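Summary of the model geometry
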Amino acid sequence: MSKPLIGLTPGHNTENQNLFTRPAYLSALSAAGAIPVTLPLAVSQEDCRQMAETFDGFLFTGGPDPHPFLFGEETHRQCGSISAMRDTMELALLSQVMKTGKPVLGICRGIQIINVALGGNIYQDIPSQHRPSSAFPLAHQQPCAFHIPTHTVSLVPESRLANICRSGVLRVNSMHHQAVRDVADGLAVCATAPDGLIEAVEMPEYPWLIAVQWHPEYLREQDLASERLFKAFVESCRS
């Protein structure tokens, strides 16, 4: 049986224009039985259409902050670095991919850009904009290594994500200062943090689309739920 080809959106260093992919993404997809391929950024609409038709699935990876203009806001003073080139490419690519119905997995920035692309918005800066539902100040930018989980998330019962992970509560890592605020039409919240922040969404009416705020690629070697997520994604790319 041939392995599915999965296209990954690349990291972009805006200072020197270098493109890169963190090895943890590649290792996670390879271990799950796929062939990961890093995609280019300087592409046309036609290029995006061809990539959408060629690859079996797509991973929208972590990275810089989406530009606030994409969701109709001015730039917050705590907003981080922005890659206009990556914004443009990912919006165009997601539009073409969704026309094909092929599987989509979003991680960190991935959940944010997917939500923005579909009409939602994000907190530009969690500490100054999000009102937590609990008094305990949760570490969304953890002070320890990426492979160490730092807070829990509660999964919505009977959601696709909960069924994949076979659990109601996960221990996750956390490396972000932005997050989904208002969820786009068609997406459903499937995981939240103890402070009420949205941690994962999925699209019930789409063949396979899940996006998470944490980084399961750093957890999957010691966490069965993370491993199951990548295996479910890769398996969905076979059909």
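To keep things clear, this report deals only with the structure shown in the data block. The written sequence of each chain sets the order in which its residues are numbered from 1. In view of the model being predicted, local features appear only for residues whose pLDDT reaches at least 70, and side-chain atom pairs are presented and counted only at 80 or more, with totals across whole chains, interfaces and linings using the full set of residues. Excluding hydrogens and water, the side-chain values take into account all heavy atoms of the structure.

With that settled, consider the sheet that holds strand β1 (residues 5-8). Strand order in the open sheet formed by nine strands is β4-β1-β5-β6-β13-β12-β11-β8-β9, and the pairing between neighbours is mixed. Sheet topology places β4 (35-38) and β9 (169-172) at the edges, where each strand pairs with a single neighbour. This sheet shows a mean twist of 25 degrees between the axes of neighbouring strands, independent of strand direction. By definition, two strands form a pair when at least two bridges between them are found by DSSP. Secondary structure follows DSSP: runs of H or I at least 4 residues long count as helices, runs of E at least 2 residues long count as strands, and numbering of each begins at the N terminus. Across three bridges, the pairing between strand β5 (residues 57-60) and strand β6 (residues 104-107) is parallel. Each residue of the ladder has a partner; that of F60, found in β6, is G106. Contacts between helix α3 (residues 84-100) and the sheet are confined to β5, β6 and β13 (209-212), with β5 contributing the most and set at about 150 degrees to the helix. Axis angles are defined between N-to-C directions and span 0 to 180 degrees, where every axis is a line fitted to C-alpha atoms and, for a helix, only to the segment in contact. In this analysis, two residues are considered to be in contact whenever any of their non-hydrogen atoms come within 4.5 Å of each other.

Between α3 and helix α4 (residues 109-117), whose axes approach to 10 Å, the crossing angle comes to 65 degrees. On the basis of their axis angle, the class for α3 and α4 is roughly perpendicular. Here the hand of the crossing between α3 and α4 comes out right-handed. Residue-level inspection shows R86, D87, E90, L91 and L94 of α3 in contact with α4, the latter providing R109, I113, I114 and A117. In the scheme used here, Gly and all other residues not listed as nonpolar or charged are polar, with Ala, Val, Leu, Ile, Met, Phe, Trp, Tyr, Cys and Pro taken as nonpolar and Asp, Glu, Lys and Arg as charged. Among the residues making up the contact of α3 with α4, the classes are represented as five nonpolar, no polar and four charged. In what follows, roughly perpendicular refers to angles from 65 to 115 degrees, roughly parallel to angles under 35, roughly antiparallel to angles over 145, and oblique to any angle outside these ranges. Handedness of each helix crossing follows the sense of rotation of the near helix against the far helix: counterclockwise by less than a right angle gives left-handed, clockwise gives right-handed.

Residue position: D195 is located in the loop between β11 (188-192) and β12 (198-202). A simple rule labels every residue: compare its accessible area, found with a 1.4 Å probe on the protein chains alone, to the largest value its type can have, and call it buried under 20%, exposed over 50%, or partly exposed in between. The charge count treats Lys and Arg as positive and Asp and Glu as negative. His and the chain ends do not count. Salt bridges, as used here, are contacts in which a Lys or Arg side-chain nitrogen is within 4 Å of a carboxyl oxygen on Asp or Glu. The buried charged residue D195 lacks any salt bridge, with R131 as its nearest oppositely charged partner at 13 Å. Definition of a polar contact: a pair of N or O atoms within 3.5 Å, with one able to donate and the other able to accept a hydrogen when the atoms are protein atoms, and with sequence-neighbouring residues admitted only if both atoms are side-chain atoms. Here H140 takes part through its side chain, which lies 2.8 Å from a polar atom of the side chain of D195. Beyond its immediate chain neighbours, meaning those up to four positions away, D195 contacts H130, P132, S133, S134, L138 and H140.

Purely geometric stuff here, so don't read any function into it on its own.
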